[in-house]
Amino acid sequence: MAVRKILTIGHPILTKVAEPITEIDDEIRALAADMVETMHKAPGLGLAAPQVDVSKRLITVDPSIGENPEELLVLINPEITDQEGQVTCEEGCLSVPDVSEPVTRPTRVVVSFLDLKGVPCSVEGFDLMARALCHEIDHLNGKLFIERLSPLKRALIKKKLKKKRDKDGER
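Sequence positions are assigned chain by chain, starting from 1 and proceeding in written order. The predicted nature of this model means local features are confined to residues of pLDDT at least 70 and side-chain atom pairs, given and counted, to a pLDDT of 80 or more, with totals for whole chains, interfaces and linings taken over all residues. Only hydrogens and water are set aside when side-chain values are computed; all heavy atoms of the structure are taken into account.

1. Considering the overall build of the chain
Next up, step 1: If you tally the helices and strands in the chain, you get three helices and seven strands.
Next up, step 2: Numbering of helices and strands runs from the N terminus, with a helix taken as a DSSP run of H or I at least four residues long and a strand as a DSSP run of E at least two residues long. Each helix (α) and strand (β) of the chain, taken in turn from the N terminus, gives the series α-β-β-β-β-β-β-β-α-α.
Next up, step 3: With the radius of gyration taken over C-alpha atoms, the globule rule is written as 2.2 Å times the number of residues to the power 0.38. Expected size for 171 residues packed as a compact globule is a radius of gyration near 16 Å; at 16 Å, the chain falls within 12% of this value.
Next up, step 4: Along the longest, intermediate and shortest principal axes, the C-alpha atoms of the chain span 45 × 35 × 30 Å.
Next up, step 5: Relative accessible area decides the class of each residue, using a 1.4 Å probe on protein chains only: under 20% of the type maximum gives buried, over 50% gives exposed, and in between gives partly exposed. Split into buried and exposed, the 171 residues of the chain put 43% on the buried side.
Next up, step 6: What makes two residues a contact is simply this: any of their non-hydrogen atoms within 4.5 Å. Taking the intrachain contacts of the chain between residues at least 6 apart in sequence as the baseline, contacts between residues at least 24 apart amount to 62%.
Next up, step 7: When the accessible surface of the chain is totalled, it reaches about 9200 Å², and 52% of it is carbon and sulfur.
Next up, step 8: Neither His nor the chain termini are counted; the positive set is Lys and Arg, and the negative set is Asp and Glu. Charge placement uses NZ in Lys and CZ in Arg. For Asp and Glu, CG and CD serve respectively. Across the chain, the 24 positively charged side chains and the 28 negatively charged ones have centroids separated by 10 Å. Only the protein chains shown count as cover for residues, and the accessible areas themselves come from Shrake-Rupley with a 1.4 Å probe.

Here is the structure:
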């Protein structure tokens, strides 16, 4: 297991639709293990493969952030099959550092996926888990959470982040 570098806004892979996983092999299992370690170290409660520079449909979600191993999920080719409700809460992202904004998401989702053994599964997520699942699946579809904000708000955030990058680059 290794901690991988988390890509940030502006990297082209973050705007691409990730490829479905057709074979669950040692490479995919190693990627999943690295993603769990990277997510916990960050710390974050979710991570998508494109965030670690791999355009594959794989996400990890752990609302306990490593505190309760039973809450950890590794989802291959996840798809939202049902959703209901709506709630607006602050949301952030490891790929959009130092930014959090209110985003509207479903209060409940059902997600179908394959586990690391290739077994079809589904999970029902409520509240924070529903939010995390939606957020990470958005990454697989080439969407960052700021794309769910108004165009003006999104432009202001991008301008702020560019200014920060330019400043950090000058040091």
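2. A word on the pairing of strand 3 (residues 73–84)
Next up, step 1: Here strand 2 (residues 58–61) runs beside strand 3; their pairing, made up of four bridges, is antiparallel. Within strand 3, the position partnered with valine 61 by the bridge is leucine 73. Between any two strands, at least two bridges found by DSSP are needed for them to pair.

3. What to know about the sheet that holds strand 7 (residues 120–126)
Next up, step 1: One open sheet accounts for five strands, arranged 1-2-3-6-7; its pairing is antiparallel. Across the chains shown, the open sheet's two edge strands, defined by having one partner strand only, are strand 1 (46–48) and strand 7. Taking each pair of neighbouring strands and ignoring which way they run, the sheet shows an average axis angle of 35°.
Next up, step 2: Interaxial angle, 0 to 180 degrees, is taken between N-to-C directions of lines fitted to C-alpha atoms, where a helix line uses only the stretch in contact. Most of the contacts of helix 1 (residues 26–41) go to strand 2, to which it runs at about 35°, and overall it touches strand 1, strand 2 and strand 3.
Next up, step 3: Packing against the sheet, helix 2 (residues 127–140) makes contact with strand 1, strand 2, strand 3, strand 6 (108–114) and strand 7, and its axis sits at approximately 155° to strand 2.

4. Concerning helix 1
Next up, step 1: Any helix carries an expected span of 1.5 Å times its number of residues minus one. If you check helix 1, its first and last C-alpha atoms are 22 Å apart, about what 16 residues at 1.5 Å a residue would give, namely 22 Å.
Next up, step 2: Turning to helix 1, its buried residues number three or more, namely Ile28, Leu31, Ala32, Asp34, Met35, Val36, Thr38 and Met39.
Next up, step 3: Here the buried face of helix 1 lies against strand 1, strand 2 and strand 3.
Next up, step 4: We call two N or O atoms a polar contact when they sit within 3.5 Å, provided that within protein one can donate a hydrogen and the other can accept it, with sequence-adjacent residues counted only if both atoms are side-chain atoms. The N-cap residue of helix 1 is aspartate 25: its side-chain oxygen and the backbone nitrogen of glutamate 27 are 3.2 Å apart.

5. What about the pattern of salt bridges?
Opposite charge on two side chains makes pairing possible when the charged atoms of those side chains draw close.
Next up, step 1: Counted as salt bridges are all cases of a side-chain nitrogen of Lys or Arg within 4 Å of a carboxyl oxygen of Asp or Glu. Across all of its chains, the model carries eleven salt bridges by this definition.
Next up, step 2: Residue arginine 29 is joined to aspartate 26 by a salt bridge in which the shortest nitrogen-to-oxygen separation is 2.9 Å. Of this pair, arginine 29 and aspartate 26 both sit in helix 1, three residues apart, which is roughly one turn of the helix.
Next up, step 3: The exposure class assigned to arginine 29 is partly exposed, which follows from its relative accessible area of 35%.
Next up, step 4: Accessibility expressed as a relative area gives 58% for aspartate 26, which makes it exposed.

6. Focus: the nonpolar core
Next up, step 1: Take the buried Ala, Val, Leu, Ile, Met, Phe, Trp, Tyr and Cys residues and link them wherever side-chain atoms come within 4.5 Å; each set so joined is a nonpolar core. Among the nonpolar cores identified, the biggest contains 17 residues, and Ile59, Val61, Leu75, Val109, Val111, Val123 and Leu133 are the most heavily contacted of them.
Next up, step 2: Of all the secondary structure elements, the ones that give two or more residues to this core are strand 2, strand 3, strand 6 and helix 2.
Next up, step 3: With sequence-adjacent residues up to four places away left out, valine 123 is seen in contact with Leu73, Leu75, Val109, Val110, Val111, Phe113 and Leu133.
Next up, step 4: Counting 16 residues, the second-largest nonpolar core is a separate cluster that includes Ile21, Ile28, Ala32 and Val74.

7. Re the side chain of serine 95
Next up, step 1: Residue position: serine 95 is located in the loop between strand 4 (87–93) and strand 5 (96–105).
Next up, step 2: Looking at serine 95, the relative accessible area reads 0%, which means it is buried.
Next up, step 3: If we skip the residues at most four places from it in the chain, serine 95 touches Ile6, Leu7, Thr8, Ile9, Leu14, Gln51, His139 and Leu144.

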